[in-house]
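An overview of the molecular structure
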Amino acid sequence: DTGVSQNPRHKITKRGQNVTFRCDPISEHNRLYWYRQTLGQGPEFLTYFQNEAQLEKSRLLSDRFSAERPKGSFSTLEIQRTEQGDSAMYLCASSRWTSGDEQYFGPGTRLTVT
Amino acid sequence: DQQVKQNSPSLSVQEGRISILNCDYTNSMFDYFLWYKKYPAEGPTFLISISSIKDKNEDGRFTVFLNKSAKHLSLHIVPSQPGDSAVYFCAASEGGKLIFGQGTELSVKP
């Protein structure tokens, strides 16, 4: 399977704990995106990378969130000191380098903060 | 401030008939529009896209229409099939990132 993969698929954590998610994009894709989706809403942009460079972060993104793509391949999204409001589906997508190219999404990581 | 809006949360159509899903946007700088389909517990799946310099794009049973003056796009599915039942999201591209609408849940009844 050469699609976008995400791990873990589900994560349950207690409030205040740190969590880290991983995304492996389609291998020839330069761009990698993170989105968050809550119930009844569309995915909301968080941040994106072109190769290893983080090009944009949403203004809505708390300082508790950080993302890396160290070698321009896989990416990690870390949430520190989780809060109940962080409970959501975290989606990763990848695309080639032009803005007109469609983004291909992974299955997501469902985070539940108790 | 919702830049991309799908005002119909749900739509029900009969198998074989046309499904029309609508989307409105506010930012005239959007350069690309896309439709995605989503099943529960899966990520969105790309369906079809259209550049802002075109007004129609067709792919099999799916056609997307863009009306720039009205800042409106629509997705037509004809004929609709029960397997098309899913949540459909329209999205606009702004410098590469996508801005999504809230989604419309389509139910196609046999």
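Residues numbered from 1 in each chain as written. Chains lettered and ligands numbered in written order. Predicted model: local features only at pLDDT ≥ 70, side-chain atom pairs only at ≥ 80, totals over all residues. Heavy atoms only, no water.

**Here's the deal with the overall build of chain B**
Within chain B, the regular secondary structure consists of zero helices and eleven strands. Starting at the N terminus and ending at the C terminus, chain B contains elements arranged as β-β-β-β-β-β-β-β-β-β-β. What you see for chain B is a C-alpha radius of gyration of 13 Å, in line with the 13 Å of a compact globule of 110 residues. Dimensions of chain B, computed from C-alpha atoms along their principal axes, come out at roughly 40 × 30 × 20 Å. Looking at the 110 residues of chain B, the share that counts as buried comes to 47%. Across chain B, contacts joining residues at least 24 apart in sequence account for 53% of those joining residues at least 6 apart. Summed over all atoms, the accessible surface of chain B reaches about 5,200 Å², with 49% contributed by carbon and sulfur. On chain B, the mean spot of the 11 positive side-chain charges and the mean spot of the 11 negative ones are 2 Å from each other. (Helix = DSSP H or I, 4+ residues; strand = E, 2+ residues; numbered from the N terminus. Rg over C-alpha atoms; globule rule 2.2 N^0.38 Å. Buried < 20%, exposed > 50% of the residue type's maximum accessible area, 1.4 Å probe, protein only. Contact = heavy atoms within 4.5 Å. Areas by Shrake-Rupley, 256 points an atom, 1.4 Å probe, with all protein chains shown as cover. Lys, Arg positive; Asp, Glu negative; His and termini not counted. Charge placed at Lys NZ, Arg CZ, Asp CG, Glu CD.)

**Overview of the sheet that holds strand 1 (residues 5-7) of chain A**
The strands making up a sheet associate through backbone hydrogen bonding, with each pair oriented either parallel or antiparallel. Residue and element names in this part refer to chain A. What the four strands build is an open sheet, ordered 1-3-8-7; its pairing is antiparallel. What marks the edges here is a single partner per strand, and that holds for strand 1 and strand 7 (65-68). Taking the axes of each pair of neighbouring strands and ignoring which way they run, one obtains an average angle of 15 degrees across the sheet. (Pairing = 2+ DSSP bridges. Axes fitted to C-alpha atoms, helices over the stretch in contact; angles between N-to-C directions.)

**Digging into the state of the cysteines**
Applying the stated rule across the entire model yields two disulfides over all chains. One disulfide bridge connects Cys23(A) with Cys92(A), the sulfur atoms lying 1.8 Å from each other. The sign of the S-S torsion, about -65 degrees, decides the handedness of the disulfide formed by Cys23(A) and Cys92(A): left-handed. Of this pair, Cys23(A) sits in strand 3 (residues 19-24) while Cys92(A) sits in strand 9 (residues 88-95); the two residues are 69 residues apart in sequence, bridging distant segments of the chain. Each member of the pair Cys23(A) and Cys92(A) is classed as buried. With a sulfur-sulfur separation of 1.9 Å, Cys23(B) is cross-linked through a disulfide to Cys90(B). Here the S-S torsion is close to 60 degrees, and the disulfide linking Cys23(B) with Cys90(B) is therefore right-handed. Here Cys23(B) is found in strand 3 (residues 19-25), whereas its partner Cys90(B) is found in strand 9 (residues 86-94), with 67 residues between them in sequence. (Disulfide = S-S within 2.5 Å.)

**Looking at the interface of chain B and chain A**
Listed by partner, the interface residues are 19 residues for chain B and 20 residues for chain A. Each partner contributes to the roughly 1,600 Å² buried at the junction of chain B and chain A, and carbon and sulfur atoms together form 56% of this total. Taken as a group, Pro44(B), Lys97(B) and Phe100(B) account for 28% of the area that chain B buries against chain A, more than any other trio of residues on that side. Counting the contacts that link chain B with chain A gives one salt bridge. A salt bridge links Lys97(B) to Glu56(A); its shortest N-O distance comes to 2.6 Å. Where chain B packs against chain A, one counts six residue pairs in polar contact (both at pLDDT 80 or more). (Buried area = accessible area lost by both parts, 1.4 Å probe. Salt bridge = Lys/Arg side-chain N within 4 Å of Asp/Glu carboxyl O. Polar contact = N/O pair within 3.5 Å; in protein donor to acceptor, adjacent residues only side chain to side chain.)

**Some thoughts on the sheet that holds strand 6 (residues 56-59) of chain B**
All names here are of chain B. The five strands are arranged 1-3-8-7-6 in an open sheet whose pairing can be described as antiparallel. Each edge of the sheet is formed by a strand with only one pairing partner; in this case those strands are strand 1 (4-5) and strand 6. Where strand 7 (residues 62-67) and strand 8 (residues 72-77) come together, six bridges link them in antiparallel fashion. If you follow Asn67 over to strand 8, its bridge partner there is His72.

**What about the pairing of strand 11 (residues 109-113) of chain A?**
Residue and element names in this part refer to chain A. Here strand 11 shows one buried face, formed by Thr109, Leu111 and Val113, and one open face, formed by Arg110 and Thr112. Taken together, the three bridges between strand 9 and strand 11 define a ladder with antiparallel strand orientation. Paired with Ala88 across the two strands is Leu111, which belongs to strand 11.

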